[in-house]
Amino acid sequence: KIALEKTNQALTAKINQLGDTVDKLTEIGQTKTSFPELVRMDADEKLQRPPRLDEVKDLRKFTEDLRQRIASAEPGVPLYYQLQDIQLLVAGLATSQLHIFQGISGTGKTSLAKALAKAIGGHCEDIAVQAGWRDKDDLLGHYNPFDKRYAEKPCLKGLYRAQTPRFADTCNVVLLDEMNLSHPEQYFADFLSALEKNSPDERVIELYESALPNPPAMLRLGRLVSVPENVWFIGTANHDETTKGFADKTVDRAHVMTLPRHEAEFPLIQLPRQQGVSWRSLKECFEAAKSKRRVEVDRLLGELTTGPLIKVLEEQFRIGLGNRFDRQARSFLPVFEATGGSMATALDHLLASRVFRSGKVTARYDTSRSNLEAVQTALAQTWKGVGGTPVQCLSSIEADLRTKGKA
């Protein structure tokens, strides 16, 4: 009797479990689409109404206001950044859709990414990168043929939301927190490839091999998601024993900023409330700055490519700049100057983050003091035609010279 009662209890529990499974499968069977979350966005009236956005007319004023709005983005927790940091950030928006914020823990990397989206009225999709991510499915999701449903990850929803009328003209952020816990060259490979395409129409990522039934309105061919121009991927990076190093293919495509540990406070100004900043008008300001300063940029790049620095880099370090550096400089330099900075400072930052970063020219086991001193001399000679002082580049070289001196 006792044995039969236990068997009966086990069978009853199994029947209840099967009942839940049947209910779940019935619900899935009644769903007319494999993308219920994205379809829900199509039907959301709030996402179908475009907001009234502020036009950007002057990049210098926009940058100064952005600094104030970022500082006041989180009530009770002011975020103070130097004006030059915000100038670098704005110039980076014109240069690349991939940003890397690096620095020691506690410098406000994650806070800056979230505050940027809030200050300009866009949406921030916060994604915690996990160790062991290997491909795009870890970011976007995957299709389950048994459930006939796509597991829609936050990144996919963020890309889709950015195309809705509510956010189509705003500046949106996909935050990859602790980006280097896994190798971005693996899980972010499809995005790196898509962002390199010149035509926005070609910047798409395949979700499935064939079209799925009743797809959302903005999925191309029922299986391709666009990577829109008004989305920036911002990855935060700490460098410790738990993280991976960045490969050249990632860093060379990204705008890299190293955030300082502490920033001096400054008076906060109460600015008028706004729903957001028009991405279209911001892009027009970027293009106007590039057009206005094209001659000056050509001169600076000419000083760089014909000076002794390139020769030393090629002969002693086997490093060249390439077309991608030239293309990025033609966006970064003029926009940085339009925000109130100098082109010499912008070029210094670009070289420091691309060429004079650790493992590229500096912090290499196969270089000697004489190699570093040669490039230091060549840098000083080249900079006579540029103007100012390459502070960041020289700082990297001098730090490596001190290390080799100790060795």
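Our structure is the block above this text.
Numbering of residues starts from 1 in every chain and runs along the sequence as written. Where totals are concerned, whole chains, interfaces and linings use all residues; where local detail is concerned, this predicted model gives features only for residues with pLDDT of at least 70, and gives and counts side-chain atom pairs only at 80 or more. In computing side-chain properties, one takes all heavy atoms of the structure into account and sets aside hydrogens as well as water.

S.K.: Which residues make up the overall build of the protein, and what are the values?
M.R.: Helix and strand assignments follow DSSP, with helices taken as H or I runs no shorter than four residues and strands as E runs no shorter than two, numbered in order from the N terminus. Within the protein one finds 17 helices and nine strands. Dimensions of the protein, computed from C-alpha atoms along their principal axes, come out at roughly 95 × 55 × 45 Å. Here the protein, with 407 residues, has 49% of them falling under the buried criterion. By definition in these notes, contact holds between two residues if any of their heavy atoms fall within 4.5 Å. Sequence separation of at least 24 residues holds for 79% of the intrachain contacts in the protein that already meet a minimum separation of 6. Only protein chains enter the area calculation, which uses a 1.4 Å probe; residues under 20% of their type maximum are buried, those over 50% are exposed, and those in between are partly exposed.

S.K.: Which residues make up the packing of helix α13 (residues 308-317) against helix α16 (residues 369-386), and what are the values?
M.R.: Put simply, α13 and α16 touch, their axes get as near as 8 Å, and they point 160° apart. Taken as axis vectors, α13 and α16 run roughly antiparallel relative to one another. Note that α13 runs across α16; the crossing there is left-handed. Touching Pro308, Leu309, Val312, Leu313, Gln316 and Phe317 of α13 are Ser370, Asn371, Leu372, Ala374, Val375, Ala378, Leu379, Gln381 and Thr382, all from α16. Helix axes use the C-alpha atoms of the stretch in contact, all axes being lines fitted to C-alpha atoms, and the angles between their N-to-C directions lie in the range 0 to 180 degrees. Roughly parallel here means an angle under 35 degrees, roughly antiparallel means over 145, roughly perpendicular means 65 to 115, and every remaining angle is called oblique. Put simply, a crossing is left-handed when the front helix is turned counterclockwise from the back one by less than a right angle, and right-handed when it is turned clockwise.

S.K.: So what's going on with the pairing of strand β5 (residues 172-177)? Which residues, and what values?
M.R.: Summarising burial for β5: five of the six residues are buried, a large majority. Paired strands are those between which DSSP finds at least two bridges. Across five bridges, strand β2 (residues 124-128) lies against β5 in parallel orientation. Opposite alanine 128, over in β5, you have aspartate 177 as the bridge partner.

S.K.: Would you mind going over the packing of helix α4 (residues 83-95) against helix α14 (residues 322-338) in detail, with residue names and values included?
M.R.: Where α4 meets α14, the axes come as close as 8 Å, and the angle between the chain directions of the two elements is 140°. In terms of orientation, α4 and α14 fall into the oblique class. For the crossing formed where α4 meets α14, the hand is right-handed. Contacts between α4 and α14 involve Gln84, Gln87, Leu88, Val90, Ala91, Gly92, Ala94 and Thr95 on the former and, on the latter, Gln328, Ser331, Phe332, Val335 and Phe336.

S.K.: Got a sec to walk through the environment of lysine 244? Specific residues and values, please.
M.R.: Positionally, lysine 244 belongs in the loop between β8 (231-237) and α10 (248-251). Residues lysine 244 and leucine 181, 63 residues apart in the sequence, show an inter-C-alpha distance of 6.0 Å. Apart from the residues within four sequence positions on either side, lysine 244 is in contact with Asn180, Leu181, Ser182 and His183.

S.K.: Which residues make up unusual backbone geometry, and what values go with them?
M.R.: Not every positive phi belongs to a glycine, and asparagine 214 is a case in point at roughly 50°. Mapped onto the secondary structure, asparagine 214 falls in the loop between β6 (204-206) and β7 (224-226). Phi at arginine 318 takes a positive value of approximately 55°, unusual for a residue other than glycine. Mapped onto the elements, arginine 318 comes out in the loop between α13 and α14. The exposure class of arginine 318 is exposed, given its relative accessible area of 64%.

S.K.: Which residues make up the pairing of β8, and what values do they have?
M.R.: Counting buried positions over the seven residues of β8 gives seven, a clear majority of the element. The alternating pattern of β8 places Val231, Phe233, Gly235 and Ala237 on one face and Trp232, Ile234 and Thr236 on the opposite face, and all of these are buried. With five bridges connecting them, strand β1 (residues 98-102) and β8 associate as parallel partners. Within β8, the residue paired with glutamine 102 across the bridge is alanine 237.

S.K.: Report on α13, specifying residues and quantitative values.
M.R.: Turning to α13, its buried residues are Leu309, Ile310, Val312, Leu313 and Phe317. For α13, the arc enclosing every buried residue in end-on projection is 165°, short of the 170-degree limit, so these residues lie on one face. The exposed residues of α13 that point more than 90 degrees off its buried face are Lys311 and Glu315. Elements in contact with the buried residues of α13: α12 (294-306), α15 (343-354) and α16. Here the arc refers to the set of directions running from the helix axis out to each C-beta atom.

S.K.: Can you explain the nonpolar core? Please cite residues and give values.
M.R.: As used in this record, nonpolar core signifies buried Ala, Val, Leu, Ile, Met, Phe, Trp, Tyr and Cys residues forming a set joined through side-chain atoms within 4.5 Å. Counting residues in hydrophobic clusters, the biggest one holds 73 residues, and the most contacted among them are Leu59, Ile70, Leu333, Leu351 and Phe356. Sequence-distant contacts of leucine 351, defined by excluding residues within four places in its chain, comprise Leu304, Leu309, Leu321, Phe325, Phe356, Trp383 and Cys393. Within the second largest apolar cluster, 41 residues are counted, among which are Met41, Tyr143, Leu207 and Leu219.

So, to be careful, I would describe these as geometric facts and stop short of saying anything about function.
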